[in-house]
Amino acid sequence: MKLPMITGLSVSFAGGIVIGSYGFSLYSILISVFLAASLLIIFNKKLIALGLIIFLSLGFLLGFYQIFAGAQKRAEPYFEKQVVIEGLVVSDPVKKERLYKFELNVNKLAGRKINMRLQAYADSPGTKMGDYVRVRGRLKPPLFKSVSAKPVLFCQKKINKLNENLLYAAIGKLRAKVKKSLLNKESDANAFIFAMLTGQTDELSPIAKADLRSSGLTHLLAVSGLHTGFVVLIIF
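Quick look at the structure, then. (Residues numbered from 1 in each chain as written. Predicted model: local features only at pLDDT ≥ 70, side-chain atom pairs only at ≥ 80, totals over all residues. Heavy atoms only, no water.)

**Brief notes about the overall build of the protein chain**
Logical step 1: Helices and strands together make up the secondary structure of the protein chain, namely seven helices and six strands.
Logical step 2: Order of helices (α) and strands (β) in the protein chain, N terminus to C terminus: α-α-α-β-β-β-β-β-β-α-α-α-α.
Logical step 3: Scored against the burial criterion, the 236 residues of the protein chain give a buried share of 38%.
Logical step 4: In the protein chain, 64% of the contacts between residues at least 6 apart in sequence involve partners at least 24 apart.
Logical step 5: Surface summary for the protein chain: the accessible area is close to 14,400 Å², and the carbon and sulfur share equals 64%. (Helix = DSSP H or I, 4+ residues; strand = E, 2+ residues; numbered from the N terminus. Buried < 20%, exposed > 50% of the residue type's maximum accessible area, 1.4 Å probe, protein only. Contact = heavy atoms within 4.5 Å. Areas by Shrake-Rupley, 256 points an atom, 1.4 Å probe, with all protein chains shown as cover.)

**Some words on the pattern of salt bridges**
Logical step 1: The full count for this structure, using the stated rule, is eight salt bridges.
Logical step 2: Residues Glu86 and Arg134 are paired through a salt bridge, measuring 3.1 Å at the closest nitrogen-oxygen approach. Within this pair, whereas Glu86 is found in strand β1 (residues 81–89), its partner Arg134 is found in strand β5 (residues 131–140), the two being separated by 48 residues in sequence.
Logical step 3: Between Glu103 and Arg117 there is a salt bridge; the shortest N-O distance is 2.9 Å. Remark: Arg117 occurs in strand β4 (residues 112–122) and Glu103 occurs in strand β3 (residues 99–109); sequence separation between them is 14 residues.
Logical step 4: In this structure, a network of salt bridges that share partners links the residues Lys128, Asp131, Lys161 and Glu164. (Salt bridge = Lys/Arg side-chain N within 4 Å of Asp/Glu carboxyl O.)

**Things to note about the side chain of Asn105**
Logical step 1: As for its placement among the helices and strands, Asn105 is situated in strand β3.
Logical step 2: Taking relative accessible area as the criterion, Asn105 reaches 14% and is therefore assigned buried.
Logical step 3: Within the structure, the side chain of Asn105 is placed 2.8 Å from the side chain of Arg117, a separation counted as a polar contact.
Logical step 4: Residues in contact with Asn105, not counting those within four places in the same chain, are Glu86, Gly87, Leu88, Val90, Met116, Arg117 and Tyr168. (Polar contact = N/O pair within 3.5 Å; in protein donor to acceptor, adjacent residues only side chain to side chain.)

**Observations regarding the packing of aromatic side chains**
Logical step 1: Inspection of the entire model under this criterion finds one aromatic pair.
Logical step 2: The interplanar angle of 20° and the centroid separation of 5.5 Å between the aromatic rings of Tyr121 and Phe154 together place this pair among those described as stacked. You can see Tyr121 sitting in strand β4 and its partner Phe154 sitting in strand β6 (residues 152–164), a full 33 residues away along the chain.
Logical step 3: A relative accessible area of 31% places Phe154 in the partly exposed class. (Phe/Tyr/Trp six-rings, centres within 6.5 Å; stacked < 30°, edge-to-face > 60°.)

**Focus on the pairing of β5**
Logical step 1: Note: β1 against β5, eight bridges, orientation antiparallel. Opposite Leu88, over in β5, you have Tyr132 as the bridge partner.
Logical step 2: Here β5 pairs with β6 via nine bridges, running antiparallel. By the bridge assignment, Arg134 is partnered in β6 with Asn160. (Pairing = 2+ DSSP bridges.)

**Things to note about the nonpolar core**
Logical step 1: Judged by nonpolar contacts, the single largest core of 21 residues is most densely connected at Ile85, Phe102, Leu104, Leu109, Leu118, Leu139 and Leu153.
Logical step 2: Of all the secondary structure elements, the ones that give two or more residues to this core are β1, β3, β4, β5 and β6.
Logical step 3: The leading source of residues in this core is β4, at five residues.
Logical step 4: Residues contacting Leu153, with those up to four places away along its chain left out, are Val83, Ile85, Leu118, Gln119, Ala120, Tyr121, Val135, Gly137, Arg138 and Leu139.
Logical step 5: Counting residues in hydrophobic clusters, the runner-up holds five residues, among them Ala191, Ala195, Leu204 and Ala208. (Core = buried A, V, L, I, M, F, W, Y, C linked by side-chain atoms within 4.5 Å.)

**Here's the deal with the environment of Leu183**
Logical step 1: Looking at where Leu183 falls in the secondary structure, it is placed in the loop between α4 (166–182) and α5 (188–198).
Logical step 2: A relative accessible area of 22% places Leu183 in the partly exposed class.
Logical step 3: Spatially, the C-alpha atom of Leu183 lies 8.1 Å from that of Phe194, the residues being eleven residues apart in sequence.
Logical step 4: In this view, Leu183 contacts Asn190, Ala191, Phe194 and Glu203; residues no more than four positions away in its chain are not counted.

**Thoughts on α4**
Logical step 1: The end-to-end C-alpha distance of α4 is 24 Å, a good match for the 24 Å that 17 residues give at a rise of 1.5 Å each.
Logical step 2: Among the residues of α4, Tyr168, Ala169, Gly172, Arg175 and Leu182 are the ones counted as buried. Down the axis of α4, the smallest arc covering the buried residues is 150°, so these residues share one side. Exposed and facing more than 90 degrees away from the buried side of α4 are Leu166, Lys173, Leu174, Lys177, Lys180 and Ser181. (Expected span 1.5 Å × (residues − 1). Arc of directions from axis to C-beta.)

What follows is the structure in structure tokens.
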């Protein structure tokens, strides 16, 4: 018995909302890729499968936006205050002038459970991708108004490592190897390839970043559900 197309699209959209509500994490992305690949295998017609993947991606983005906006609102009372935060480091520290910048998936804010991502700054590296840490610092609102803008945490004192996420740690090591092989010589071409593969644009020169912005090509460095769908479509 074949289901109507509208039913398939509705189920894909609802599934995307459920997955997106868990946040833009590695696990949710892997689940999305798995579902997209499954849809391509189940449906012989690639055009139908692509439509289902697009609706899955749209649902994912909607679910993520809802959880992201809600987390931002719950964090607002703590802006400009000293807080204790627990979370997973999801990027390697990169030196920015005198501070080291990295991203943190927050699980606890001032003892309360929360699901959000923020930009953290520390005086020294002190951590790596895959570390689950506890840190004290001053929480500040996003530096600019945007859906993707993240709150900022200026860490104080020592970053305490509580545990390690083996999957993120392995990805961090792989990323470090790719970075070492690609960026052994200073080159915007190599830095662009590295940014395409990992999403990290810190190695691009200011001139290269300005050229990408002026040409409207910065979206090439952002991985989306739709891009994932096209990749899976080509593979299968």
